[in-house]
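Spelled out, the chains give:
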Amino acid sequence: MGQVKVPVQTRSEVVEVNFIVVDAYSPYIAIMARPWLHAMGIVPSTLHLKVKYPSRDRVEELIRSQSTVRQCMVAAIRHQAEDGSSASNKHGKYKEKYFQVGAQLPPQEKEELMKFLKGNLDVFSWNTYEALRIDPSFICHHLNVNPAVVPRKQSPQRSSKEYSKAVKEEVIKLKQVGAIKELGKSIEVYVDDMVVKSKVVSKHVGNLGNVFETLRKYKLCLNTSKCSFGVGSGKFLGFMVTHLGIKVNPDQVKAINSLQPPRNLKEV
């Protein structure tokens, strides 16, 4: 749209800067580029979000707010997602949403599973912009420790039979009153890998419902490109998990199976 020359004051220093005016969305009022940096003799640090520059007989320092930077970044990402969505709708190009469902699933169970998945679309994300809604209080943890105390390694301890029995009885009471739900029998989790398992096909949707309820409660989203539903076997942590049990992944032992027998002492 053109250029404009504006005096920019940084504390006691004033420098005239040429700005290029554009008609575009930005969470920032203005972007200070190299001409201003060079004119002020500024040394920036993007890691620490601060700049230092000489001013008369001392060095001045400007520090940027971490929270403000995050807010601007999130605003830019959300606008980009909305702008991309409106552009797709304008040209009639809708991104197809799909699920990976096992081909060997019986028709009745497959129909029930598809109905369940369509009714829980809010648990899934088809791009990274849809997943920016997790509550920080859920993922941030603090250890209640005294920094003045020297850490000590304790020796391993095993619970007595009486203590273990009391814990099991208390867990049963909590389950009966609905204070806790047992997911351990239907789910296996390691870091960000998760498997929801069911011994009977007819109970699988119910087990998924319990897991989805927990995901929805803490605003966790599933990446659809990495999800498979209603499958009888699959890879998990490098192993093949099937209804018959856990087996070794053939891809990992392929190199060992294809090894040629040693022909001399050097190859042993």
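Preceding block: the structure.
Notes on the structure in this doc start here. What you are looking at is a predicted structure, and each value in this text was computed from that prediction instead of being measured.

This next bit is on the packing of aromatic side chains. As enumerated under the stated definition, the model contains three aromatic pairs in all. Summarising the aromatic geometry, the rings of F116 and F212 are spaced 5.1 Å apart at their centres and angled 40° between planes, so their arrangement reads as tilted. Of this pair, F116 sits in helix α3 (residues 107–118) while F212 sits in helix α6 (residues 204–217); the two residues are 96 residues apart in sequence, bridging distant segments of the chain. You'll find F116 and F212 in the same group, each marked buried. The class of F212 is buried, set by a relative accessible area of 2%. An aromatic cluster is defined as three or more aromatic residues linked by ring pairs; in this entry it consists of F116, F124, F212 and F229.

As a further point, take the pattern of salt bridges. A complete count under the given rule lists seven salt bridges for this structure. Between E61 and K50 there is a salt bridge whose closest N-O contact spans 3.5 Å. With E61 in strand β5 (residues 58–63) and K50 in strand β4 (residues 50–55), this residue pair connects regions lying 11 residues apart in the sequence. A cluster of three or more residues bridged by salt bridges with shared partners is formed by R11, D57, R58 and E60.

Attention now goes to α6. End to end, α6 covers 20 Å across 14 residues, agreeing with the expected 20 Å (1.5 Å per residue, within 8%). Considered for burial, the residues of α6 that qualify are H204, V205, N207, L208, V211, F212 and L215. Looking down the long axis of α6, one finds its buried residues gathered within 155° of arc, a one-sided arrangement.

In terms of nonpolar packing, the biggest core is built from 18 residues, with L113, L117, F124, L208, F212, L222 and F229 touching the most fellow members. If you list the elements that add at least two residues to this core, you get α3 and α6. With five residues, the single largest contributor to this core is α6. Beyond its immediate stretch of four places on either side in the chain, L208 contacts L113, F116, V196 and F229. Counting residues in hydrophobic clusters, the runner-up holds nine residues, among them V8, V15, F19 and I42.

Parameters at a glance
- Residues numbered from 1 in each chain as written.
- Predicted model: local features only at pLDDT ≥ 70, side-chain atom pairs only at ≥ 80, totals over all residues.
- Heavy atoms only, no water.
- Phe/Tyr/Trp six-rings, centres within 6.5 Å; stacked < 30°, edge-to-face > 60°.
- Helix = DSSP H or I, 4+ residues; strand = E, 2+ residues; numbered from the N terminus.
- Buried < 20%, exposed > 50% of the residue type's maximum accessible area, 1.4 Å probe, protein only.
- Salt bridge = Lys/Arg side-chain N within 4 Å of Asp/Glu carboxyl O.
- Expected span 1.5 Å × (residues − 1).
- Arc of directions from axis to C-beta.
- Core = buried A, V, L, I, M, F, W, Y, C linked by side-chain atoms within 4.5 Å.
- Contact = heavy atoms within 4.5 Å.

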